[in-house]
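Architecture at a glance
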Amino acid sequence: MCGIVGYVGKKQASSILIEGLRKLEYRGYDSAGVAIIDNGVLSVTKCKGRLANLEAQLLEEPLKGNVGIGHTRWATHGKPSDENSHPHTNEKGTISVVHNGIIENYIHLREWLMAKGYKFISETDSEVIPHLIDFYYDGDIVDAVMKTVTKMEGSYAIAVVTSNEPDKLVAVRKDSPLIVGLGKDEFYIASDIPAVLNHTREVYLLEDKEFVVISNDGIKLLDAEGKTINKEIFHVTWDAEAAEKGGYEHFMLKEIHEQPKAIRDTMTSRIVLGEPITLDDINITKDQIKNLNKIYIVACGTAYNAGVVGKYVIEKLARIPVELDIASEFKYRDPIMDKNTLMIVISQSGETADTMSALRLAKSKGSRVIAVTNVVGSAASREADDVLYTWAGPEIAVASTKAYVTQLIAMYIIALFFAQNKETLSHEEIEEIKIAMMELPEKAEEVLKNKETVQKFTAKTYMHKDMFFIGRGLDYAVALEGSLKLKEISYIHSDAYPAGELKHGPIALMEDGTIVIALATQEAIFDKMVSNIKELATRGAKVFAFAPEGHTEIEKSVFSVTYIPKVMDILAPVISVIPLQLLAYYMAIQKGCDVDKPRNLAKSVTVE
Ligand code: F6R
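A few points on the structure. As the structure is a computational prediction, the values presented were derived from the model and not from experiment. (Residues numbered from 1 in each chain as written. Predicted model: local features only at pLDDT ≥ 70, side-chain atom pairs only at ≥ 80, totals over all residues. Heavy atoms only, no water.)

Some points on the pattern of salt bridges
Keep this limit in mind: A pair is scored as a salt bridge if a Lys or Arg side-chain nitrogen falls within 4 Å of a carboxyl oxygen belonging to Asp or Glu. Under the scheme used here, helices are H or I runs from DSSP no shorter than 4 residues and strands are E runs no shorter than 2 residues, and both carry numbers assigned from the N terminus. Note on exposure labels: buried denotes an accessible area under 20% of the residue type's maximum, exposed denotes more than 50%, and partly exposed covers the range between, all computed with a 1.4 Å probe on protein chains only.
Applying the stated criterion across every chain yields a total of 28 salt bridges. One salt bridge in this structure joins arginine 173 and aspartate 208, with 2.7 Å as the shortest N-O distance. Here arginine 173, found in strand β8 (residues 169-174), pairs with aspartate 208, found in the loop between β11 (202-205) and β12 (211-215); they are 35 residues apart in sequence, far enough to count as distant. Of the residues examined, aspartate 208 reaches a relative accessible area of 28% and is grouped as partly exposed. Of the charged contacts in the structure, one is a salt bridge between lysine 254 and glutamate 258, with a shortest N-O distance of 2.7 Å. Among the charged side chains, a salt-bridge network with shared partners connects Lys174, Asp175, Arg360 and Glu383.

Right, here's the structure in full:
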């Protein structure tokens, strides 16, 4: 998704903008550009492709100046091209704008502007913005931007500079993230905190329709009526290191290795032995929990896969019926909800447009919403009634890993919290699960030390075009995530099936050499799983299994096996997903893929 950076200060804007955009690369992009003001002259450099292309152009023709805006674009309206790249400018070249989001009524605005003689050079929705600002500009850029946004429908975070007021930057957001970084005599704006972390830890998290006006005189925050507002400064506690690769070859590998810490952090102060579970930002009462008729878990992609585990554990531990929905499907099926229905949305970014639509639909039907998200101040955290933050830290690699395991931890915490309130489990049973959860970080460390079998397997199989993932119960949930990870970063096609379902169709695809990755971590159904594996092996499939330590009998039926530490059955997904993440990673490495930035994917999908 697009990234925005802006700077007003005493330093050269160019290098600060490029550095900030680099920190936002994980959002996915296809082109980049900057607009910088120097001595009252506005200059724009922008081009299709990676940031390196833009840097090369800036090296050839440097742009001087202390005020500027920068952008990385992920195409929505109009193909990736130099013309469609941001910043966009008015015809006189005096106003420049970067935009993240989608202007839904842009066709109407475009026609309206064209009728007034405005000429367009790009295919983007965003280009209407500088022309609208130009139309309204009467010597006051803040006033012109305010009038412009009243005409815009859709989602936006925009930043604007003009050579007519050369020390000023104006920015505003609606349904698209935007933060303001506060330095000493210098200010930043950005789509996300990592872009400013090298410069400041003090930020404002802008809400919808809040404007920031930055100039050499300082900073002003305004509401949609132009009235000054006061905001609390948010102090970022992540260390700058946490947003860097820190010695690993890729962010994804680093993030896989951060999982023991992420699991521990997410449990901190929530899972305490001998004490009831209390959750800071969750205010749902005991009575409300007792009266719940149904829970919907709604999410996309990896977060949805965490929801598969959530459904299983909430039903098992708290005995509340759970329906699971893919967010992009949810609102089109007229779901049955009322004030006794709870929605749990799961979203790493807390900005996913499909998930946010589902959340808003639930609220419109009077249902309560709990957001499980990794981003403080994200749209989901602001709009939900209750929030459970996953403390995974910033996730930079596009493919989600540490966010997923912390989402699983969040599901266990919520399930236990409900079980405690509904008294569906005894105190002793809850304590037993908590003890087992507290062992997870150590067990995760153990799995991470044992990569060789996975590496050897990938070296032998990476040239295959198709693979299957199978499992039963919670193993099936993990199979879904393993399969998604493999597709995303290695571009190998794979499908995940409940193992018992194979004989109802997919077994027809089994032949000599078919690669099957089988999860057999659930003690209660281990023997059933081994029978399914044998059915495949006799048809020539090469089965790579994951089984709990001690179950050596599986070796007779499989091509290769990786043993994973024994944990309580319901907690196994937290551990068994780790070798699958590594499997996807090493497959992608063998194939020479861009692991951290897989093709066609974006980290934060803020359009439906
Ligand atoms: C997969 C991945 C995506 C996201 C999905 C939802 O590795 O990253 O499938 O899980 O786009 O994103 P969030 O969790 O930010 O709502």
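Structure shown, so let's carry the discussion forward.
Quick word on the sheet that holds strand β1 (residues 3-8)
We apply this condition: Between any two strands, at least two bridges found by DSSP are needed for them to pair. Contact definition: two residues touch when any of their heavy atoms are within 4.5 Å. Between N-to-C directions, angles cover 0 to 180 degrees, with each direction set by a line fitted to C-alpha atoms, over the stretch in contact for helices.
Read across the open sheet, the eight strands follow the order β3-β2-β4-β1-β10-β9-β11-β14; overall the sheet is antiparallel. If you trace the sheet from one side to the other, it starts and ends with β3 (41-48) and β14 (234-235), each paired once. By the bridge criterion, four bridges tie strand β9 (residues 179-182) to strand β10 (residues 187-190) in an arrangement that is antiparallel. Bridging from a neighbouring strand, valine 180 pairs with isoleucine 189 of β10. Relative to β3, helix α2 (residues 51-60) is tilted by about 140 degrees, and along the sheet it contacts β2 (31-38), β3 and β4 (67-73).

Things to note about the environment of valine 308
You can see valine 308 is positioned in helix α9 (residues 301-318). Separated by 10 residues in the primary sequence, valine 308 and valine 298 have C-alpha atoms spaced 9.9 Å apart. Look past the residues within four positions of valine 308 in its chain and what remains in contact with it is Leu324, Ala477 and Leu480.

Side note on the layout of surface pockets
Cut-off, in case you're wondering: The way it works is a 1 Å grid over only the protein atoms, where trapped points that fit a 1.4 Å probe form a cavity and open points with protein on both sides within 12 Å along at least five of seven lines form a pocket, and then any residue with an atom within 4 Å of a point lines it. Grid points are joined across faces, edges and corners, and a volume is the space filled by probe spheres set on the points.
The computed volume of the second largest pocket comes to approximately 490 Å³. Cys300, Gly301, Thr302, Lys603 and Val605 are the residues nearest the centre of the second largest pocket, which is lined by 24 residues in total. Where the lining of the second largest pocket is concerned, the elements lending two or more residues are α9, β17 (341-347) and α17 (474-490). Among the elements that line the lining of the second largest pocket, the one with the most residues is α9, at three residues.

Some remarks on the environment of alanine 392
One can find alanine 392 in the loop between β19 (386-389) and α13 (402-422). Overall, the relative accessible area of 9% leaves alanine 392 in the buried class. Separated by 129 residues in the primary sequence, alanine 392 and isoleucine 263 have C-alpha atoms spaced 7.5 Å apart. If we ignore the near neighbours within four places in the chain, the residues touching alanine 392 are Ala262, Thr266, Asn374, Lys402, Ala403 and Thr406.

A word on helix α18 (residues 526-537)
Defined as follows: The span one expects for a helix is its residue count, reduced by one, times 1.5 Å. Our arc is simply the arc of the directions from the helix axis toward the C-beta atoms.
Its 12 residues place the ends of α18 16 Å apart at the C-alpha level, agreeing with the 16 Å of an ideal helix rising 1.5 Å per residue. For α18, the set of buried residues is Phe526, Met529, Val530, Asn532, Ile533 and Leu536. Along the long axis of α18, the arc covered by the buried residues comes to 160 degrees, so they all point the same way. Set apart from the buried face of α18 by more than 90 degrees, the exposed residues are Asp527 and Lys528. Looking at the packing, one finds that the buried side of α18 touches β20 (466-471), β22 (515-519) and β23 (542-548).

Considering the packing of aromatic side chains
Note the threshold: Under the pairing criterion, centres of Phe, Tyr and Trp rings, with the six-membered ring standing for Trp, must be within 6.5 Å; the plane angle then separates stacked pairs below 30 degrees from edge-to-face pairs above 60, leaving the rest tilted. Whether a charge sits over a ring depends on NZ of Lys or CZ of Arg being within 6 Å of the ring centre and within 35 degrees of the ring normal.
In the structure shown here, the tally under the stated rule is 11 aromatic pairs. Between phenylalanine 417 and phenylalanine 418 the ring centres are 6.1 Å apart and the planes differ by 40 degrees, which places this aromatic pair in the tilted class. Owing to a relative accessible area of 8%, phenylalanine 417 belongs among the buried residues under this scheme. Following the ring pairs from residue to residue traces out a cluster consisting of Phe457, Phe544, Phe546 and Phe559. Seen from the ring of tryptophan 112, lysine 116 lies directly overhead, with NZ or CZ sitting 4.7 Å from the centre.

What about the nonpolar core?
Put simply, the rule reads: We define the nonpolar core as a collection of buried residues of types Ala, Val, Leu, Ile, Met, Phe, Trp, Tyr and Cys that are connected through side-chain atoms lying within 4.5 Å of one another.
If you look at the biggest cluster of nonpolar residues, it comprises 121 residues, and the most contacted ones within it are Ile295, Ile314, Ile344, Phe418, Met437, Ile517 and Leu583. Ranked by residue count, the leading element in this core is α13, at 14 residues. When near neighbours in sequence (up to four residues on either side) are disregarded, methionine 437 contacts Met267, Ile271, Ile409, Tyr412, Ile413, Leu416 and Leu571. The next biggest cluster of nonpolar side chains, apart from the first, holds 28 residues, and it includes Val97, Tyr106, Phe120 and Val172.

Describing the state of the cysteines
As a reminder, the rule being used: Pairs of cysteine sulfur atoms within 2.5 Å are what we label disulfides.
Following the criterion strictly, the structure yields zero disulfides and no others. This cysteine, cysteine 47, is not joined by any disulfide, and cysteine 2 carries the nearest cysteine sulfur, 15 Å off. Of all cysteine sulfurs in the structure, the one in cysteine 2 sits closest to cysteine 300, which takes part in no disulfide; the separation is 18 Å.

Section: the sheet that holds strand β16 (residues 322-326)
If you trace the five strands from one edge of the open sheet to the other, you get β16-β15-β17-β18-β19, paired in parallel fashion. In this open sheet, the two edge strands, each paired with only one partner strand, are β16 and β19. On average, each strand axis in the sheet is tilted by 20 degrees relative to the strand beside it, whichever way the strands run. Strand direction decides the pairing type here: strand β15 (residues 294-299) and β16, joined by five bridges, are parallel.

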